[in-house]
Structure formats: structure tokens, C-alpha cells
Amino acid sequence: MTTLSDDAKRQGERVGLNVDTITIHGGKPLIGRVDVRGAKNLVTKAMVAALLGDGPSVLRGVPAISDVAIVRGLLEAHGVRITDTGDGELTMDPSNVRSAHFAEIDAHAGSSRIPILFCGPLLHQLGEAFIPDLGGCRIGDRPINFHLDALRAFGAKVTKLPQGIHLTAPERLRGAEIDLPFPSVGATEQVLLSAVRAEGVTELKNAAIEPEIMDLISILQKMGAVIWVEPNRTIFIEGVDRLGGYEHRALFDRNEAASWAAAALATKGDIFVAGAKQPELLTFLNVFRKVGGEFTVMEDGIRFWHPGGPLKPVIVETDVHPGFMTDWQQPLVVAMSQAEGQSIVHETVYENRFGFTDSLNAMGANIVVHQDGIASITRRVPRRALEQAAVITGPTPLHGADIRVPDLRGGFSHLIAALAADGTSTISNVGIIARGYEHFIDKLRDLGADFETAD
Ligand code: EPU
């Protein structure tokens, strides 16, 4: 059985990071500049989209993170020729796409959830697809029922096997009417990647409209797709017979940008996040300001800093776009633990995304997680049974502790807490952070953090 620590090691190794543990001497503000490149949650999908073309695609701004390495391995296993200029530009040529063996796919897939998105493109190209057991961060059940229901609606035959799922399309996929029970990011991408080359029109209701999805739609349009985004979360896709390659610069990673902003606030620092843009961060910036952080939007990035004085408590509810993203809450909770009063974070997207708060409490925070969430009348999406709420009472001084990284965003919040705390913390399993944060150890060093690493 693969343990969390084996997985962490593998994630790091995929990007040449042979570090398991980082020992941080906290209490120093992070000051300086970090560069943020393409969004993990767009780049990996854009790479899958390259499979749909009948010519090469060029993607720019690709970060060196392990999720990208996983998708690259999977594409190569399916015969896609990939060249890499070394500065974030990938050329992907799908002219010789072929089926891959179960074992080969399984070896490359690792703990990522991206393999599920290979279904539509492989069904179009080869008439079959194999999807191994899916991983991803352990932040809830993370089922794939919406994906499989959509693929069946397009005419795919789904067979569950002990090793994973085998899909076949005896005929060309055909357009379908799909109404998602929740505006799922992954399921919306599944429908887009399957519908663009299906026969006829697909109507997708209750679609996710995150900026990464809009960027994926832009890529598909460059390839020749016809996609109409209507009001009220409805997307119409007119299927076409063939698609070409694309050239595209990936949207910046707004989750990474928000994480560094939170690090600046919690450590009383000052960080210029080069590459960050305002429109995709509007909601985050509102909350950042309400907690007491300052920012200045500049042409080539956003500067985030702690202006001195006390931080203020806030109440936020995670939501689908344009709401407050679930991925932003973990890094920001550390700053909330330093605010004067009670903050509340109501998590409405995942059922288990407060596991990281145990370690924060071990470092001196006062965070109580209520499993049944909080009833609110202003919800944009229907209330679901899985909701949780965390009540954070501050300010509580943080002190060093020994911590194991549980998942990607939770892990980054542990780094921030250790950087903000008095004393020394030892954080293990840091390879998991390489899934979504490019060169994070070098960036921490450049920002003046005081730490040592060990294999
Ligand atoms: N869901 C189902 N059935 C499905 C699919 C989703 O019940 O078939 C549920 C999920 O269990 C969850 C909710 O729907 O409760 C939302 O899941 P969604 O499908 O929107 O998320 P995802 O596509 O699996 C992506 C990002 C996440 C990000 C979410 C929400 C990628 C690779 N992952 O996940 O990012 O939190 O959208 O914006 O794009 C991260 O970057 O750390 C991360 C977890």
C-alpha cells in the first residue's frame, strides 16, 4: 500500500526536489518578490486538450510542479511527443496517439485526479480509455459520479474493473443534455473535453465558470471549437469534426498568488507577487482587505503586505466562482488566528478540508471545527449535507511544533504557520507541496525565511 509519505516523496522527486523535511525558525517577516506562472488547475487540463488536436499545440507559462509531470508522463505513455524548452514552454504533438497499457498508465497516474479528464479525448482518438483509481488531496470523498454520468450521456460504455475503469465508445460520442447536481469544476471540464468533438450540440446546465474553465474554453476555441457561455451557468457546445493545435499562455495561478499573499500577512511581511492579476482575485482581495491586509495592484503583479497594527476577524463562506475559493481558506486561516476576535470559515465545497487545523491548534491556535456547518440564507448553491465550519478565535501567539503535511493547501498553511510562529518547527512530507507550488523552497529562501532542509 502506498503511504502518504511514499506519495510525498514521489511528488517531490517528479520535480527534482529531494527534500522530505523542512525545519523552520519562525518569527521573521517574509519580504521580497515571487514569480507566479501558469495555474496548476488550468495547465494540466490544457495539456489534456492537446490530445484532441490533429496538430501540435504550444503551451507557455507551464510551472515545474509534480501534477504537470504526471500529466506529461500520461500523455507520453499515449504516444504524444513532448518537447520542453526548459523555460515553461511545452510543445505537444498528438499525431501518433496510441493506447497505453494498464500498468504504464497506473505507474504515471500517481495520486493525481487528472487522468479522469483523459476519457473524452481518448474516446475520440482511440475509441477506448482506461482510468486507474484516482487520488488527489485527501479532503473528502471526491467521487467521480458526475463524470461517469456525463460520459454515459455522450454514449460511452463504462466498465468498472479491479484496477480502475475501462471506457469504450462503439460509435462517435454524440452531444447530450447534462444538468450537473453541483457546478463541479472537473465535471464541467469533462463535458467540454468530450463535447467539442461529439456529433451534435451539447447543453450543459449548472456548469462551473471558474477563470481556469474560461481559459480552457479559450484554448478549445483556438483549436476550432464552438462554445457558447450563456447566462445562468449554461454552456452550449456545438460539436465539430476536427480540431487543430493551439498556442496559448496559461492563466496565472491565483491559488498560489493568494497563498503568498496570506504568507505576507501572517508573517507581518511584504511580498510582491509578480504575475498576479486583479480580476481573478477580486473576492480574495476583498477578504484580504477586511482582515486588515494591504495590497497595491500594479501592471506586472500585486504587492501584499501587513500594515502593522491588529488584524480584524472575518466571516467567509467558500463557494464556486465568483465566490471565495475553497483553496484560499487554508492559507488565510493562519492570519485569522492572529486577528482580534472570532472569525468563521464555512466550507461548502469539500466535506473534509479542515484537517490542517489540528496542527495549527498544536501550535497554539484556537480553532473549533463544527461538522454540520452553519445555516445561511444567502447561499448561491444549494446547501449540502457535507458542510463544515471552523471558528477561529484570536489572537493566539503561535509556537513551533512537529507537523506532517496532510494535503497540498493544508501543507502550505503549515509552512505559513511555522514561518509566523516563535521558535522552531519541523514539517515533514513537504514533497506534497510540490504538487502545486513551483520552486517553493527557493522562493522561501529568496523571501528571507530561516530554515534547513533534510532528505
Ligand atoms: N463532486 C461529486 N461528484 C463528482 C465530482 C465532484 O460529488 O463527480 C463533488 C466533490 O466531491 C466536491 C464538489 O463536487 O465536493 C466540487 O468538486 P469539483 O469537481 O468542483 O472539484 P475538482 O474538479 O475535483 C478542482 C480543483 C481543486 C479545487 C476545486 C474547486 C483541479 C485539479 N482541482 O477540483 O483544487 O479545490 O476544483 O475549485 O482542478 C487544489 O488545487 O488543491 C485543489 C484541490
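Residues numbered from 1 in each chain as written. Predicted model: local features only at pLDDT ≥ 70, side-chain atom pairs only at ≥ 80, totals over all residues. Heavy atoms only, no water.

Caption draft 1: Region of the structure containing the site of the ligand. In the region of the ligand, 25 residues are neighbours, and Lys 45, Asn 145, Ser 184, Val 185 and Val 349 sit closest. Note that an oxygen atom of the ligand is positioned 2.7 Å from one of the side-chain N or O atoms of Lys 45. At a separation of 3.2 Å, an oxygen atom of the ligand approaches a polar side-chain atom of Tyr 350. In the complex, the protein chains occlude 92% of the 830 Å² of accessible area that the ligand would expose alone. Of all the secondary structure elements, the ones that give two or more residues to the shell around the ligand are helix H2 (40–49), helix H6 (145–153), helix H7 (185–195), helix H11 (326–336) and helix H13 (408–420). Broken down by class, the residue content of the shell around the ligand amounts to 11 nonpolar, six polar and eight charged. Residues lining the shell around the ligand come from more than one domain, with at least three contributed by each of domain 1 (4–36 + 253–454) and domain 2 (40–249). (Near = heavy atom within 4 Å. Polar contact = N/O pair within 3.5 Å; in protein donor to acceptor, adjacent residues only side chain to side chain. Areas by Shrake-Rupley, 256 points an atom, 1.4 Å probe, with all protein chains shown as cover. Helix = DSSP H or I, 4+ residues; strand = E, 2+ residues; numbered from the N terminus. Nonpolar A, V, L, I, M, F, W, Y, C, P; charged D, E, K, R; others polar. Domains from an automatic or database assignment.)

Caption draft 2: Quick peek at the packing of H2 against H7. Contact pair H2 / H7: the axes reach a minimum separation of 11 Å and the direction vectors enclose 20 degrees. As summarised for this structure, H2 and H7 are arranged roughly parallel, according to the angle between their axes. Between H2 and H7 lies a crossing whose hand is right-handed. Mapping the contact onto sequence places Asn 41, Lys 45, Val 48 and Ala 49 in H2 and Val 185, Glu 189 and Leu 193 in H7. (Axes fitted to C-alpha atoms, helices over the stretch in contact; angles between N-to-C directions. Parallel < 35°, antiparallel > 145°, perpendicular 65-115°, else oblique. Left-handed = near helix turned anticlockwise from the far one by under 90°. Contact = heavy atoms within 4.5 Å.)

Caption draft 3: Local environment of the packing of helix H9 (residues 254–266) against helix H10 (residues 282–291). The N-to-C vectors of H9 and H10 enclose an angle of 5 degrees; their axes lie 12 Å apart at closest approach. Taken as axis vectors, H9 and H10 run roughly parallel relative to one another. Each of Ala 258, Ala 261, Ala 262 and Leu 265 in H9 lies in contact with H10, whose residues at this interface are Phe 284, Phe 288 and Val 291. For the contact of H9 with H10, a count of residues per class yields seven nonpolar, no polar and no charged.

Caption draft 4: Inspection of the sheet that holds strand S6 (residues 128–132) at higher detail. The sheet built from three strands is open, its strands ordered S6-S8-S7 with antiparallel pairing. A strand with exactly one partner marks an edge of an open sheet, and here the two such strands are S6 and strand S7 (157–161). Averaged over neighbouring strand pairs, the angle between their axes works out to 20 degrees when direction is ignored. Here S6 runs beside strand S8 (residues 164–168); their pairing, made up of five bridges, is antiparallel. Paired with Ala 129 across the two strands is Leu 167, which belongs to S8. Packed on one face of the sheet, helix H4 (residues 102–109) meets S6 and S7 and runs near 45 degrees to S6. (Pairing = 2+ DSSP bridges.)

Caption draft 5: Quick look at the packing of aromatic side chains. Taken as a whole, this structure holds nine aromatic pairs when the rule is applied. Between Phe 102 and Phe 130 the ring centres are 3.6 Å apart and the planes differ by 10 degrees, which places this aromatic pair in the stacked class. Highlighted residues: Phe 102 in helix H4 and Phe 130 in strand S6, separated in sequence by 28 residues. Assessed through its relative accessible area of 6%, Phe 130 is described here as buried. With a centroid separation of 4.2 Å and 15 degrees between ring planes, the pair formed by Phe 412 and Tyr 437 is classed as stacked. Within this pair, whereas Phe 412 is found in helix H13, its partner Tyr 437 is found in the loop between strand S22 (424–428) and helix H14 (440–446), the two being separated by 25 residues in sequence. For the pair Phe 412 and Tyr 437, one class covers both residues: buried. Its guanidinium or amino end placed over the ring of Trp 305, Arg 303 lies 3.9 Å from that ring's centre, counting from NZ or CZ. (Phe/Tyr/Trp six-rings, centres within 6.5 Å; stacked < 30°, edge-to-face > 60°. Buried < 20%, exposed > 50% of the residue type's maximum accessible area, 1.4 Å probe, protein only. Lys NZ or Arg CZ within 6 Å of the ring centre and 35° of its normal.)

Caption draft 6: Fine view of the pairing of strand S1 (residues 21–25). Counting buried positions over the five residues of S1 gives four, a clear majority of the element. Direction of pairing for S1 relative to strand S23 (residues 451–454): antiparallel, over a ladder of four bridges. In the strand pairing of S23, Ile 24 is matched with Phe 451. As judged from the five bridges shared by S1 and S22, these two strands associate in the antiparallel manner. When the sheet's bridge partners are listed, Thr 23 is paired in S22 with Thr 426.

Caption draft 7: Seen up close, the domain arrangement of the chain. Domain annotation of the chain identifies domain 1 (4–36 + 253–454) and domain 2 (40–249). With centres defined by C-alpha atoms, the gap from domain 1 to domain 2 works out at 29 Å. Contacts between the two partners involve 27 residues from domain 1 and, on the opposite side, 28 residues from domain 2. When the area that domain 1 buries against domain 2 is broken down by residue, the three leading residues are Arg 14, His 321 and Arg 435, summing to 27%. Viewed at the interface, domain 2 and domain 1 are joined by two salt bridges. Residues Arg 435 and Asp 67 are paired through a salt bridge, measuring 3.0 Å at the closest nitrogen-oxygen approach. Looking at the side of domain 1 that touches domain 2, the elements that each hand over two or more residues are helix H1 (4–14), H9 and H13. Ranked by residues supplied to the side of domain 1 that touches domain 2, first place goes to H1 with four residues. Here the residues of the side of domain 1 that touches domain 2 are counted per class, giving nine nonpolar, six polar and 12 charged. (Buried area = accessible area lost by both parts, 1.4 Å probe. Salt bridge = Lys/Arg side-chain N within 4 Å of Asp/Glu carboxyl O.)

Caption draft 8: Inspection of the pattern of salt bridges at higher detail. In total, this model carries 19 salt bridges according to the counting rule given. Note that Lys 45 is salt-bridged to Glu 189, the shortest N-O span being 2.8 Å. Highlighted residues: Lys 45 in helix H2 and Glu 189 in helix H7, separated in sequence by 144 residues. Here Lys 45 and Glu 189 have matching classes, each one buried. The residue Asp 327 makes a salt bridge to Arg 353 at a minimum N-O spacing of 3.0 Å. Residue Asp 327 is located in helix H11, and its partner Arg 353 is located in the loop between strand S18 (341–347) and helix H12 (357–362); the two are separated by 26 residues in the primary sequence. Look at Asp 327 and you get buried, because its relative accessible area is 10%. Residue Arg 353 is classed as buried on the basis of its relative accessible area, which comes to 5%. A network of salt bridges, in which partner residues are shared, links Lys 40, Asp 67 and Arg 435.

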